[in-house]
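# Geometric and topological summary
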Amino acid sequence: MSFLYLLVFSSLLPLSLSQAPRGSLIDCGATGHSVIDGRDWLPDTGFIESGTSKTLNISGIVPILSTVRSFPLQGNVHRKFCYVVPVFRTGKYLVRTTYYYGGINGNNMPPVFDQIVDGTLWSVVNTTEDYVRGMSSYYEGVFVAGGKTMSVCLGVNTYTDSDPFISALEFVLLDDGLYNSTDFSKSGLRLVARHSFGHDGPIIRYPDDQFDRFWEPFTEDNPTKASVKNVSVSGFWNIPPLEIFQTAVTSDRPEPIEFQWPPAPLPNSTYYIALYFANNRDTGVPRVFNLRINDVIYYHDLTVIPAGVAVFANEWPLGGLTKLTLTPIPGSSFGPLINGGEVFEVLPLGGRTLTRDAKFAFLCLDLNFLLLAIAMENLKNSFQNLPLDWNGDPCLPRQYSWTGVTCSNGSRIRVIALNLTNMGLTGSLSPRIARMSALTDIWLGNNNLTGSLPDLSPLKRLETLHLEDNHLSGEIPSSLGSIDSLRELFLQGNNMTGQVPSSLVNKPGLNLRINPGNPLLSPPQS
């Protein structure tokens with residue numbers, strides 16, 4: 001595997017704190033708008049169609065943790081519940097989810113479940129350790145929007161023992177230059193750690209960080225921490241906040257420093273690592289040292305000046321505990337220094353369901369994340385009483401495909417079957433279903449569908465069409481007879497009228513059922 005090492009000096013990007021982060025702040029379970037720390041938070045009712053709002057009766061709790069939305073566990077293993085949020089197409093977003101259990105399910109400990117962004121399994125949500133310590137938990141990722149909406153879903157897995165829940169959801173639009181060495185068409189970034197070294201105060205965030213990234217303090221087992229004065233950082237790769245350069249892990253003498261970071265062991269995977277440095281101007285000369293990760297050279301003869309440097313790697317393999325070693329070069333007058341660091345797991349994207357299939361299957365949302373026009377919003381209303389998990393990607397992740405949806409294998413993912421028999425559906429069968437050209441089976445029997453049967457002749461692979469025991473009316477389209485692959489057509493128990501097309505009656509190998517029911521339907525002319 002090849003690795004990318006880059007050293008970037010000052011003033012690559014302008015540093016501006018003049019405006020609040022752009023994006024959406026969603027207070028899950030809230031019933032109205034609120035302003036917290038000068039920023040507007042929205043209730044979540046406009047972004048999700050399932051779940052139950054609950055209030056935590058805990059005095060002194062942070063406002064966004066005082067409500068949650070929970071989702072039913074029973075009967076929903078491998079079902080997902082999705083927020084759908086408007087975004088700017090091709091925009092790069094920091095996505096953050098926040099969780100605080102508060103005993104809402106009646107169990108002593110919070111449930112463990114999955115979270116999904118669009119069609120990609122993002123991470124397992126396990127907040128137990130934080131909850132025991134009386135803390136909330138947050139998860140961050142960086143993803144690029146493929147269309148005008150993105151979905152974040154909670155998934156019920158086999159290890160989930162009570163209702164999944166969420167406290168807050170944030171989408172923050174990032175500058176195009178941030179983390180831009182990552183190919184976001186193939187990968188996302190899942191935050192593992194982001195620290196301000198030597199800092200022992202509260203988390204550094206907005207307004208100090210214009211994108212409201214969380215920079216946690218890092219003091220545990222530090223060899224030395226120091227306050228760094230008079231640095232002249234005016235712009236920087238990835239635009240870290242100026243505040244992280246006010247402290248550092250360093251050494252008073254020209255000797256190596258070594259410490260474990262990130263603090264927790266890592267699963268074997270590939271990681272994006274960015275480290276930030278700025279020298280104290282008072283030293284008069286740069287600090288020069290070698291940087292190693294787990295005894296492997298990360299950067300040789302790193303020269304740190306007051307203007308600052310950032311060093312990053314796109315793909316660096318890590319697993320288990322990680323050790324950073326900073327060793328001054330021979331003849332150095334000063335020890336090494338480090339101010340901040342970020343580690344992300346590089347997360348391969350799960351793929352996308354082909355656009356036209358997703359457009360119909362979701363009836364409002366497609367998997368290239370294209371926001372549908374008004375006509376597609378009308379299509380969404382063509383069926384009512386759909387299963388609760390019909391949000392997000394219809395096929396991905398594969399263990400979370402929608403109820404009643406079967407998808408193809410391979411890289412070109414298509415919806416190949418719909419089976420919503422006896423689901424209590426109401427509404428009508430939209431003509432747009434004919435755009436799902438990979439369909440081989442449609443089973444919508446024993447529901448309460450009304451209206452006429454549309455022209456489905458574009459579905460050249462269709463083998464079975466079950467619409468029995470509904471309330472469909474109108475004539476049977478003769479064009480159904482042109483589908484060579486059609487082997488079963490069940491229309492009994494409806495209110496069809498007109499004559500049965502001879503193209504169906506005389507079609508070899510077709511199992512055609514029109515009785516009982518359809519009392520006004522006439523046989524074909526002889």
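Before reading further, recall that the structure is shown in the block above.
Description of the structure in this document. (Residues numbered from 1 in each chain as written. Predicted model: local features only at pLDDT ≥ 70, side-chain atom pairs only at ≥ 80, totals over all residues. Heavy atoms only, no water.)

## Here's the deal with the state of the cysteines
Under the criterion given, the structure shown has two disulfides. Each sulfur of the disulfide joining Cys82 and Cys153 lies 2.1 Å from the other. Of note, the bridge from Cys82 to Cys153 carries an S-S torsion of about 105° and is right-handed in sense. Note that Cys82 is positioned in strand β7 (residues 80–86) and Cys153 in strand β12 (residues 149–155), a separation of 71 residues in sequence. Residue Cys82 is classed as buried on the basis of its relative accessible area, which comes to 1%. Paired through a disulfide, Cys395 and Cys407 show a sulfur-sulfur distance of 2.0 Å. Handedness here is read from the sign of the S-S torsion; for Cys395 and Cys407, about -85°, the answer is left-handed. Residue Cys395 is found in the loop between β27 (383–384) and β28 (405–407), and its partner Cys407 is found in strand β28; the two are separated by twelve residues along the sequence. Each member of the pair, Cys395 as well as Cys407, is classed as buried. (Disulfide = S-S within 2.5 Å. Helix = DSSP H or I, 4+ residues; strand = E, 2+ residues; numbered from the N terminus. Buried < 20%, exposed > 50% of the residue type's maximum accessible area, 1.4 Å probe, protein only.)

## Considerations on empty space enclosed by the protein
Tallied over the entire structure, the rule returns one cavity of 30 Å³ or more. Computed from the structure, the largest cavity encloses a volume of approximately 30 Å³. Lining the largest cavity we find Trp261, Pro262, Ile273, Ile293, Leu318, Thr322, Leu324 and Val343. Broken down by class, the residue content of the lining of the largest cavity amounts to seven nonpolar, one polar and no charged. (1 Å grid on protein atoms, 1.4 Å probe; cavity = no way out; pocket = protein on both sides within 12 Å on 5 of 7 lines; lining within 4 Å. Points joined across faces, edges and corners; volume = space filled by probe spheres on them. Nonpolar A, V, L, I, M, F, W, Y, C, P; charged D, E, K, R; others polar.)

## Description of the environment of Gly509
One can find Gly509 in the loop between α4 (502–505) and β38 (511–513). You can call Gly509 exposed: its relative accessible area is 61%. Between the alpha carbons of Gly509 and Arg487 there is a distance of 6.1 Å; along the sequence they are 22 residues apart.

## Here we look at the layout of surface pockets
In this model, the largest pocket occupies a volume close to 1,600 Å³. Along the walls of the largest pocket sit 45 residues, with Asp130, Ser136, Ser137, Tyr138 and Glu216 positioned nearest its centre. Listed by contribution, the elements that provide at least two residues to the lining of the largest pocket are β4 (39–43), β8 (92–99), α1 (128–132), β11 (137–144), β15 (187–197) and β20 (266–277). Counting residues per element, the lining of the largest pocket draws most heavily on β15, which supplies six residues. Residues that form the lining of the largest pocket fall into these classes: 25 nonpolar, seven polar and 13 charged.

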